[in-house]
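# Inside the fold
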Amino acid sequence: FLEVIMKKILVILLIIVFACSLFVLSACEKDKKTVLYVYTESGFPPFEYSKGDEIVGVDIEIAKAIAKELGMELVVRDVMFDSIVSGINEDNAIGLAGITITPDREQAVDFSIPYFGDAIQYVIYPKGALELNDELMIEGDLLKNKVLGVQTGTTGDNIVQVEVKEGGLFAGATAKGYDNALIAADDIGSGCDYVVIDRLTALQIAAANNNLEASQIAGLDAESYGIAVKKGNKVLLNAINWILHNLLEEGKIDQWLEEHSESIEE
Ligand code: GLN
């Protein structure tokens, strides 16, 4: 009789253990979200920049909104800018780094709808070193034969190099590659003469430095930023486009641009 009771207790115990482990497992499953990898380069304020140990900025706000909407865990990876487009090989990875949508890059990745269309190349230079034209822009021939600091692999880098090769705006200039525009701007007057980089980043770098100013280069086209996803990853692309559409509609991106407009700390 005692044996029967012992057996029953054992069975009940086993059931309890089994039920508990199931419960724990399902709880774990719930916590284990799929990761969304966001590749960026943190030297591009106000879109991405360092604040203490953190990377923040407009693009990071967008990344957070996407991860939240998709129920994914956000992991930001700070890499060299010129490795981003070629490095988007996973279905759960995106490039969010103020990346200009260009035909060349569209060969390698798919782009979202544009989320920022007000970019164009600016030059950062020592105050008073360059004279503006009537439209308050810098004529390209003022940059001839100069050493122009650029962020390696950017549209600015490409424009300088192509124009130099073709004897255009920057004939005789040299493009000198840096990891980002912040580092390049620090080198003005020693390693390079001026820096060529996108508008908002140039304006912020100049605003944070008493000795520098920034102006638009005449004769160049406007650029639009998009989010890069792996080629053919339609499900993620459609989801991102929908989320971006809503963020734009709600004025969120303008709000974040405002919030991050004085992002560089001295
Ligand atoms: N918009 C430029 C490009 O796509 C620069 C981007 C950046 O420096 N993060 O090349």
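Definitions and cut-offs
Residues numbered from 1 in each chain as written. Predicted model: local features only at pLDDT ≥ 70, side-chain atom pairs only at ≥ 80, totals over all residues. Heavy atoms only, no water. Near = heavy atom within 4 Å. Polar contact = N/O pair within 3.5 Å; in protein donor to acceptor, adjacent residues only side chain to side chain. Areas by Shrake-Rupley, 256 points an atom, 1.4 Å probe, with all protein chains shown as cover. Nonpolar A, V, L, I, M, F, W, Y, C, P; charged D, E, K, R; others polar. Salt bridge = Lys/Arg side-chain N within 4 Å of Asp/Glu carboxyl O. Helix = DSSP H or I, 4+ residues; strand = E, 2+ residues; numbered from the N terminus. Buried < 20%, exposed > 50% of the residue type's maximum accessible area, 1.4 Å probe, protein only. Pairing = 2+ DSSP bridges. Axes fitted to C-alpha atoms, helices over the stretch in contact; angles between N-to-C directions. Contact = heavy atoms within 4.5 Å. Patch = residues over 30% accessible without salt bridge, like charges linked within 9 Å, V, L, I, M, F, W, Y side chains within 5 Å. Phe/Tyr/Trp six-rings, centres within 6.5 Å; stacked < 30°, edge-to-face > 60°.

## Some thoughts on the site of the ligand
In the neighbourhood of the ligand, the contacting residues comprise Phe44, Phe81, Ala97, Gly98, Ile99, Thr100, Arg105, Gln151, Thr154, Thr155, Asp198 and Tyr225. Note that a nitrogen atom of the ligand is positioned 2.8 Å from one of the backbone N or O atoms of Gly98. Here a nitrogen atom of the ligand and a side-chain polar atom of Asp198 are 2.6 Å apart. Contact with the protein chains covers 100% of the free accessible surface of the ligand, which is 300 Å². The residue makeup of the shell around the ligand, split by class, is 5 nonpolar, 5 polar and 2 charged.

## A word on the pattern of salt bridges
One pass over the structure, following the stated rule, counts 5 salt bridges. Close ionic contact of Asp110 with Lys231 constitutes a salt bridge, the shortest N to O distance being 2.9 Å. On the criterion of sequence distance, the pair formed by Asp110 in strand β6 (residues 109–111) and Lys231 in the loop between β14 (228–230) and α8 (234–249) is long-range, its members being 121 residues apart. What makes Asp110 buried here is its relative accessible area of 13%. The class of Lys231 is partly exposed, set by a relative accessible area of 42%. Note that Arg199 is salt-bridged to Asp118, the shortest N-O span being 2.8 Å. Taken together, the residues Arg199 in helix α7 (residues 199–207) and Asp118 in strand β7 (residues 116–119) connect sequence positions 81 residues apart. Look at Arg199 and you get buried, because its relative accessible area is 18%. One salt-bridge network, in which partners are shared between bridges, spans Asp110, Lys231 and Lys234.

## Some points on the sheet that holds strand β9 (residues 147–151)
Strand order across the open sheet formed by 5 strands is β10-β9-β11-β8-β12, with mixed pairing between neighbours. With one partner strand each, in any of the chains shown, β10 (174–178) and β12 (212–216) form the two edges of the open sheet. Each adjacent strand pair in this sheet contributes to an overall mean axis angle of 30°, direction not counted. Note: β9 against β10, 5 bridges, orientation parallel. Paired with Leu148 across the two strands is Ala175, which belongs to β10. The strands that helix α5 (residues 155–165) touches are β8 (121–126), β9, β10 and β11 (194–198); relative to β9, the one it contacts most, it runs at about 145°.

## Remarks on a nonpolar patch on the surface
Taken together, the side chains of Phe1, Ile5, Ile9, Ile12, Leu13 and Ile16 present a nonpolar region at the surface, about 630 Å² in accessible area. Along the chain, Leu13 turns up in helix α1 (residues 2–31).

## A closer look at the packing of aromatic side chains
Applying the stated rule across the entire model yields 6 aromatic pairs. The rings of Phe44, Phe47, Tyr115, Phe116 and Tyr225 are connected pair by pair, giving a single aromatic cluster.

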